[in-house]
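Tertiary structure, described
Okay, here's what each chain looks like letter by letter:
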Amino acid sequence: MNEIRTAFLASARVCRDLIAHSAVEQRWDEPSALEHFTVRGLAGHLVRATGSVEAYLDRGSPDDAPTSAARYYAAAVDEPDINSPLHVAVRERGEAEAVDGHTALVEKLEGLIARLEARLGTEPDDRQMSVFKGLVLRLDDYLVTRIVEQLVHCDDLAVSIGVDTPAAPANAMEIAFANLVEVARVRHGDLAVLRAFTRRERDSVDALRIF
């Protein structure tokens, strides 16, 4: 299994351990650190970051030319208003994922990880998937976007329940950082990103803030 698939599964296990934390169950119905998200809804959304891989693999393999992981984010997350129908639907799906309670959600993620560990070991390197908004990505590029989601929302959930953010697998962080820089380049252009890193006084677009 390649590095991206291994990192995705390792990150999923970190998510599982955090979601299983007793503080998640204790604060299940409380607001999270994200506006309009409850702790349960955020935990459900975090499980969906893993579960969507299985769901999209089940759709089959399209023949369309794939987009990149960075361009996926630029196209899929194109609405900054958290009250937009897109973001409302995201929160609703997170709530729906958690509807059966804390224990059931943890068990669901455990089952997902076990099935995906077996499946990702057999999927070919050129496997493509039709994902959110009908965008086509290579499996490994989609997993890159899932690693970003896992790491970002693990931090959100940890902050929400008042515990330290769990350490992420080192290679997962490297994969996420590389992707996030690419998203910034797609959204804002190379010069803006260069200035954001080196000349903040000229960073007029907040180029490193991509979501």
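Here is a short report on the structure shown in this document.

Cut-offs applied
- Residues numbered from 1 in each chain as written.
- Predicted model: local features only at pLDDT ≥ 70, side-chain atom pairs only at ≥ 80, totals over all residues.
- Heavy atoms only, no water.
- Helix = DSSP H or I, 4+ residues; strand = E, 2+ residues; numbered from the N terminus.
- Buried < 20%, exposed > 50% of the residue type's maximum accessible area, 1.4 Å probe, protein only.
- Axes fitted to C-alpha atoms, helices over the stretch in contact; angles between N-to-C directions.
- Left-handed = near helix turned anticlockwise from the far one by under 90°.
- Contact = heavy atoms within 4.5 Å.
- Nonpolar A, V, L, I, M, F, W, Y, C, P; charged D, E, K, R; others polar.
- Salt bridge = Lys/Arg side-chain N within 4 Å of Asp/Glu carboxyl O.
- Polar contact = N/O pair within 3.5 Å; in protein donor to acceptor, adjacent residues only side chain to side chain.
- Core = buried A, V, L, I, M, F, W, Y, C linked by side-chain atoms within 4.5 Å.
- Patch = residues over 30% accessible without salt bridge, like charges linked within 9 Å, V, L, I, M, F, W, Y side chains within 5 Å.
- Areas by Shrake-Rupley, 256 points an atom, 1.4 Å probe, with all protein chains shown as cover.
- Phe/Tyr/Trp six-rings, centres within 6.5 Å; stacked < 30°, edge-to-face > 60°.

Looking now at the environment of Glu-174. Mapped onto the fold, Glu-174 is located in helix H8 (residues 170–188). On the accessibility criterion, Glu-174 (54% relative accessible area) is exposed. Note: C-alpha distance between Glu-174 and Ala-7 (167 residues apart in sequence) is 9.8 Å.

This next bit is on the packing of helix H3 (residues 39–57) against helix H6 (residues 102–120). Contact geometry of H3 with H6 gives a least axis separation of 10 Å together with a crossing angle of 35°. The handedness of the crossing between H3 and H6 comes out as left-handed. Across the interface between the two elements, Ala-43, Gly-44, Val-47, Thr-50, Gly-51, Val-53, Glu-54 and Leu-57 of H3 pack against Leu-105, Leu-109, Leu-112, Arg-115, Leu-116, Arg-119 and Leu-120 of H6. Of the residues that constitute the contact of H3 with H6, the class distribution is nine nonpolar, three polar and three charged.

Let's shift gears to the pattern of salt bridges. Under the definition given, this model contains 17 salt bridges. The partner of Asp-17 in a salt bridge is Arg-16, and the shortest N-O contact between them spans 3.3 Å. A residue is classified by how much of its surface remains accessible, and Arg-16, at 25% relative accessible area, is partly exposed. With a shortest N-O distance of 3.4 Å, Arg-48 and Glu-97 are connected by a salt bridge. Remark: Glu-97 occurs in helix H5 (residues 85–97) and Arg-48 occurs in helix H3; sequence separation between them is 49 residues. According to the relative accessible area criterion, Arg-48 is partly exposed, its value standing at 32%. One network of salt bridges, in which partners are shared, links Arg-5, Arg-138, Asp-140 and Asp-141.

The residue Gln-128 is located in strand E1 (residues 128–130) in this model. The exposure class of Gln-128 is buried, given its relative accessible area of 14%. Side-chain polar atoms of Gln-128 contact the backbone oxygen of Asp-64, separated by 2.9 Å. Contacts of Gln-128, omitting those with residues within four sequence positions, involve Gly-60, Ser-61, Pro-62, Asp-63, Asp-64, Pro-66, Val-136, Leu-137, Arg-138 and Leu-139.

Bringing the nonpolar core into the picture now. Burial of nonpolar side chains together is a common tendency in soluble globular proteins. Phe-8, Val-53, Tyr-72, Leu-120, Val-131, Tyr-142 and Ile-147 are the most contacted members of the largest nonpolar core, which totals 34 residues. Top contributing element to this core by residue count: helix H7 (residues 139–161), with seven residues. Grouped together as the second largest cluster of nonpolar side chains are 25 residues, Ala-12, Trp-28, Val-47 and Val-106 included.

On the surface, Val-181, Phe-197 and Leu-208 cluster together into a nonpolar patch covering about 250 Å² of accessible area. Along the chain, Leu-208 falls in the segment after helix H9 (190–198). The exposure class of Leu-208 is partly exposed, given its relative accessible area of 39%.

With that settled, the discussion passes to the packing of aromatic side chains. In total, this model carries three aromatic pairs according to the counting rule given. Ring centres 5.5 Å apart and planes at 75° place the aromatic pair Tyr-56 and Tyr-142 in the edge-to-face group. Placement of the pair is Tyr-56 in helix H3 and Tyr-142 in helix H7, with a sequence separation of 86 residues. Residue Tyr-56 is classed as buried on the basis of its relative accessible area of 13%. On the accessibility criterion, Tyr-142 (2% relative accessible area) is buried.

Before going further, it helps to examine the environment of Arg-93. With respect to the element layout, Arg-93 can be found in helix H5. Sequence-wise, Arg-93 and Arg-48 are 45 residues apart; in three dimensions their C-alpha atoms are separated by 8.4 Å. Not counting the four nearest positions on each side in its chain, Arg-93 is found in contact with Arg-48 and Phe-132.

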